Amino acid sequence: MNILDKITLDKRNEVTLRKSLIPTSQLEQSVLFERQTISLVNNLRHSKSGIIAEHKRRSPSKSVINNGLNVQDVAKGYEDAGVCGMSVLTDGKYFGGSLDDLLTARASCNLPLLRKEFIIDEYQILEAKAHGADVILLIAAILSRDEIKLFSEFAKGLNLDVLLEVHNEEELYKSVMPSLDMLGVNNRNLKTFEVSLETSKSLSSIIPDDFVKVSESGISNIEAIKELRPYGYQGFLIGENFMKTDNPGESATEFIKSLL
Ligand SMILES: O=C(O)c1ccccc1NCC(=O)[C@H](O)[C@H](O)COP(=O)(O)O
């Protein structure tokens, strides 16, 4: 069983439990449910850096990255650095995140926030909206085409942007549809955890121009971004490179300064 299968299996049990504890009507009554969302895709279209900076305490590939930070400082630091958006991992078991992290990030900055989660149920999209997210992630490797259509249309109905993540050609061909805003290529091989920018480069030409292209994972220097831009990438999702430092906001500031 690969890591995504394991995560998805656990997620199904987790979502069943969460649904039994908090009814959808309660999520829909959250004050944040009525808030006007901020579009990440618009920011990326007009940005010079295209950086989406992530809050990530640990991961299956790296175990601990950084447990000593608070979300508020990280969110404010990223906003001051001038990133386009912030990604907040909300999975607890594998990434050490939570919906509280999303809520804290929402209270701390005005950046578009991506709920970085393994979405397998519409309920998680309602949770995202109720906790201040502007964007959801859908992962093609764990969803059928029908599920991608259902979840992306549901998210668009809530004024959320949709980032669809693929790892290969097959996932890309299966997923392309008008209810997506951004197509993300994940450079991390989930069997070996190796990262290679070649994945983004090789898939770029088959991503239709209607979508903003985002390269995800393993971006650790500005040279990577300079290499990826000629392939049409406008968004760059960076986690570990910032989070492994004592001050992710400062690292993002330095990174963006040397990029522009
Ligand atoms: O990061 C992992 O080890 C991982 C393992 C299995 C599924 C997903 C995983 N990561 C989620 C992400 O997409 C990354 O956190 C994100 O792209 C940032 O990557 P990085 O800059 O390499 O931290």
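- Taking an unreviewed UniProt entry as the reference, the protein is identified by name as indole-3-glycerol-phosphate synthase belonging to Hyunsoonleella aquatilis.
- Here the protein is described in UniProt, under the heading Catalytic activity (unreviewed entry), as follows: "1-(2-carboxyphenylamino)-1-deoxy-D-ribulose 5-phosphate + H(+) = (1S,2R)-1-C-(indol-3-yl)glycerol 3-phosphate + CO2 + H2O".
- Recorded in UniProt for the protein, the comment headed Pathway (unreviewed entry) runs: "Amino-acid biosynthesis; L-tryptophan biosynthesis; L-tryptophan from chorismate: step 4/5."

## Considerations on the environment of Lys-76
Inference 1: Mapped onto the elements of the fold, Lys-76 is located in helix α4 (residues 71-81).
Inference 2: It is 8.2 Å that separates the C-alpha atoms of Lys-76 and Ala-105, two residues lying 29 residues apart in sequence.

## Here's the deal with the sheet that holds strand β9 (residues 212-216)
Inference 1: Judged by pairing direction, the barrel is parallel, and its eight strands sit side by side in the order β1-β4-β5-β6-β7-β8-β9-β10 before closing back on the first. Sheet twist, expressed as the average angle between the axes of neighbouring strands with direction ignored, equals 25 degrees.
Inference 2: For strand β1 (residues 51-55) and strand β4 (residues 85-89), the ladder comprises four bridges, and the chain directions are parallel. Looking at β4, one finds that Ile-52 is bridged to Gly-85.

## Some thoughts on the nonpolar core
Inference 1: Counting residues in each nonpolar core, the largest one holds 86 residues, and the members touching the most others are Ile-51, Tyr-78, Val-83, Met-86, Ile-136, Leu-138 and Met-182.
Inference 2: Not counting chain neighbours up to four residues away, the residues in contact with Met-182 comprise Leu-40, Val-41, Leu-44, Val-135, Asp-161, Val-162, Leu-163, Leu-164, Val-212 and Val-214.

## Remarks on the pattern of salt bridges
Inference 1: Per the counting criterion, the structure on display carries 20 salt bridges.
Inference 2: Of the charged contacts, one joins Lys-93 and Asp-10 as a salt bridge, the two residues approaching to 2.9 Å between their closest N and O atoms. With a gap of 83 residues between them, Lys-93 in the loop between β4 and α5 (99-108) and Asp-10 in helix α1 (residues 3-21) connect regions that are remote in the sequence.
Inference 3: According to the relative accessible area criterion, Lys-93 is exposed, its value standing at 55%.
Inference 4: For Glu-127, the salt bridge is made with Arg-18, and the minimal N-O distance between the two is 2.8 Å. Here Glu-127 is found in helix α6 (residues 122-130), whereas its partner Arg-18 is found in helix α1, with 109 residues between them in sequence.

## Quick look at the packing of α4 against α5
Inference 1: For the pair α4 and α5, interaxial distance at closest approach is 8 Å and the crossing angle is 45 degrees. The pairing of α4 with α5 is recorded here as oblique in orientation. Viewed along their axes, α4 and α5 form a crossing whose handedness is right-handed. Between α4, through Val-71, Gln-72, Ala-75, Lys-76 and Glu-79, and α5, the contact on the second element is made entirely by Asp-101, Thr-104, Ala-105 and Ser-108.

## Quick word on the environment of Asn-189
Inference 1: Within the secondary structure, Asn-189 is located in the loop between β8 (182-186) and α9 (198-204).
Inference 2: With 129 residues separating them in the primary sequence, Asn-189 and Pro-60 have C-alpha atoms 12 Å apart.
Inference 3: At 3.2 Å, the side chain of Asn-189 and the backbone nitrogen of Thr-192 are in polar contact.

## Quick look at the side chain of Lys-56
Inference 1: Summarising the element assignment, Lys-56 is placed in the loop between β1 and β2 (58-59).
Inference 2: For the buried residue Lys-56, which engages in no salt bridge, the nearest side chain bearing the opposite charge is Glu-54, 4.3 Å off.
Inference 3: Excluding its chain neighbours within four sequence positions, the residues that come into contact with Lys-56 are Ile-65, Leu-89, Phe-95, Arg-188, Glu-240 and Met-243.

## With respect to the UniProt feature "domain: Indole-3-glycerol phosphate synthase" (unreviewed entry) in the protein
Inference 1: As annotated in UniProt, the feature "domain: Indole-3-glycerol phosphate synthase" (unreviewed entry) corresponds to residues 4-251 in the numbering used here.
Inference 2: Within the segment residues 4-251, helix and strand shares are 41% and 18% respectively, and the terminal C-alpha atoms sit 30 Å apart.

Parameters and conventions
- Residues numbered from 1 in each chain as written.
- Predicted model: local features only at pLDDT ≥ 70, side-chain atom pairs only at ≥ 80, totals over all residues.
- Heavy atoms only, no water.
- UniProt positions renumbered as here; feature names shortened; annotations may be inferred.
- Helix = DSSP H or I, 4+ residues; strand = E, 2+ residues; numbered from the N terminus.
- Pairing = 2+ DSSP bridges.
- Axes fitted to C-alpha atoms, helices over the stretch in contact; angles between N-to-C directions.
- Core = buried A, V, L, I, M, F, W, Y, C linked by side-chain atoms within 4.5 Å.
- Buried < 20%, exposed > 50% of the residue type's maximum accessible area, 1.4 Å probe, protein only.
- Contact = heavy atoms within 4.5 Å.
- Salt bridge = Lys/Arg side-chain N within 4 Å of Asp/Glu carboxyl O.
- Parallel < 35°, antiparallel > 145°, perpendicular 65-115°, else oblique.
- Left-handed = near helix turned anticlockwise from the far one by under 90°.
- Polar contact = N/O pair within 3.5 Å; in protein donor to acceptor, adjacent residues only side chain to side chain.
- Lys, Arg positive; Asp, Glu negative; His and termini not counted.

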